[in-house]
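Commentary on secondary and tertiary structure
The primary structure of each chain is shown beneath.
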Amino acid sequence: SQQGEEDPQALSIQEGENATMNCSYKTSINNLQWYRQNSGRGLVHLILIRSNEREKHSGRLRVTLDTSKKSSSLLITASRAADTASYFCATEWGNQGGKLIFGQGTELSVKP
Amino acid sequence: NAGVMQNPRHLVRRRGQEARLRCSPMKGHSHVYWYRQLPEEGLKFMVYLQKENIIDESGMPKERFSAEFPKEGPSILRIQQVVRGDSAAYFCASSPRGGTYEQYFGPGTRLTVT
């Protein structure tokens, strides 16, 4: 299966700490995307990193991609209680494009 | 610019009935994707459509499920003769083009089969 696997499944930290989530996948990809989902809501796109990129930043978010290890990490710095959510990585691959394969997600809890 | 709209937000059906889920993509988006999320799980791809065309339906169950995206109007995901195992959240996403673009997700339709 191409599906990504995320680690850890759940993460609990204090406000102000950094949170790191990892994602591994199995075959070559076109790009990898990270999404956030608040409980009972739709997904919000965070960052897209292409297969020829190694690192991307967006505000307090930093994403790395290591295609040799088929893995990616999402770092949230100076976390806030509002960052509490589930975070999913999704890979897009193949010729037709568009189809995203999601991991199982990491449930992040940031305690005030 | 309104986001991706899905309706209804909640749908309750008895076993054997039909469920119709609607998705209106963002303005200017002609690519629509449907995903299903079971409780405590990630999203599973179902189908990818462009206007009047099915591009990839590799995630669709072979029976009872169908999807369309007509020239005019919303995309429709149709589930015939629903069973309890169809209970899930169904999310629609859209993008302006296929390929390497972020997808914008709707709020989802939560289907409960009783």
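Residues numbered from 1 in each chain as written. Chains lettered and ligands numbered in written order. Predicted model: local features only at pLDDT ≥ 70, side-chain atom pairs only at ≥ 80, totals over all residues. Heavy atoms only, no water.

Helix and strand content of chain B: zero helices and 11 strands. Its helices and strands taken in sequence order, chain B reads β-β-β-β-β-β-β-β-β-β-β from the N to the C terminus. What you see for chain B is a C-alpha radius of gyration of 13 Å, in line with the 13 Å of a compact globule of 114 residues. Counting only residues that meet the buried cut, chain B has 45% of its 114 residues in that class. Across chain B, contacts joining residues at least 24 apart in sequence account for 53% of those joining residues at least 6 apart. With an accessible surface of roughly 5,700 Å², chain B has 46% of that area assigned to carbon and sulfur atoms. Averaging the coordinates of the 17 positive side-chain charges in chain B and doing the same for the 11 negative ones gives two points 6 Å apart. (Helix = DSSP H or I, 4+ residues; strand = E, 2+ residues; numbered from the N terminus. Rg over C-alpha atoms; globule rule 2.2 N^0.38 Å. Buried < 20%, exposed > 50% of the residue type's maximum accessible area, 1.4 Å probe, protein only. Contact = heavy atoms within 4.5 Å. Areas by Shrake-Rupley, 256 points an atom, 1.4 Å probe, with all protein chains shown as cover. Lys, Arg positive; Asp, Glu negative; His and termini not counted. Charge placed at Lys NZ, Arg CZ, Asp CG, Glu CD.)

Any two side chains of opposite charge can pair, given that their charged atoms come close. Residues and elements named next belong to chain A. The tally for this structure, following the rule as stated, stands at five salt bridges over all chains. The salt bridge partner of Arg62 is Glu55, with a shortest N-O separation of 3.2 Å. Taking the relative accessible area as the measure of exposure, Glu55 reaches 39% and is therefore partly exposed. The closest approach of N and O atoms between Arg60 and Asp83, which form a salt bridge, is 2.9 Å. Placement of Arg60 in the loop between strand 6 (55-58) and strand 7 (61-66) and of Asp83 in the loop between strand 8 (71-76) and strand 9 (85-92) is noted, with a sequence separation of 23 residues between them. (Salt bridge = Lys/Arg side-chain N within 4 Å of Asp/Glu carboxyl O.)

For the rest of this paragraph, the subject is the state of the cysteines. Among covalent bonds in proteins, the disulfide is the one between the sulfur atoms of two cysteines. Scanning the model with the defined rule gives two disulfides over all chains in all. Through a disulfide, A:Cys23 is tied to A:Cys89; the S-S separation comes to 2.0 Å. Residues A:Cys23 and A:Cys89 are joined through a disulfide that is right-handed, its torsion about the S-S bond being 65°. With A:Cys23 in strand 3 (residues 19-24) and A:Cys89 in strand 9, the pair connects residues that are 66 residues apart, well separated along the chain. You'll find A:Cys23 and A:Cys89 in the same group, each marked buried. Two residues share a disulfide in this structure: B:Cys23 and B:Cys92, whose sulfurs sit 1.7 Å from each other. Taking the torsion about the S-S bond as the criterion, the B:Cys23 to B:Cys92 disulfide, at about -45°, is left-handed. One end of the pair, B:Cys23, is in strand 3 (residues 19-24); the other, B:Cys92, is in strand 9 (residues 88-95), and 69 residues separate them in sequence. Considered together, B:Cys23 and B:Cys92 belong to a single accessibility category, that of buried residues. (Disulfide = S-S within 2.5 Å.)

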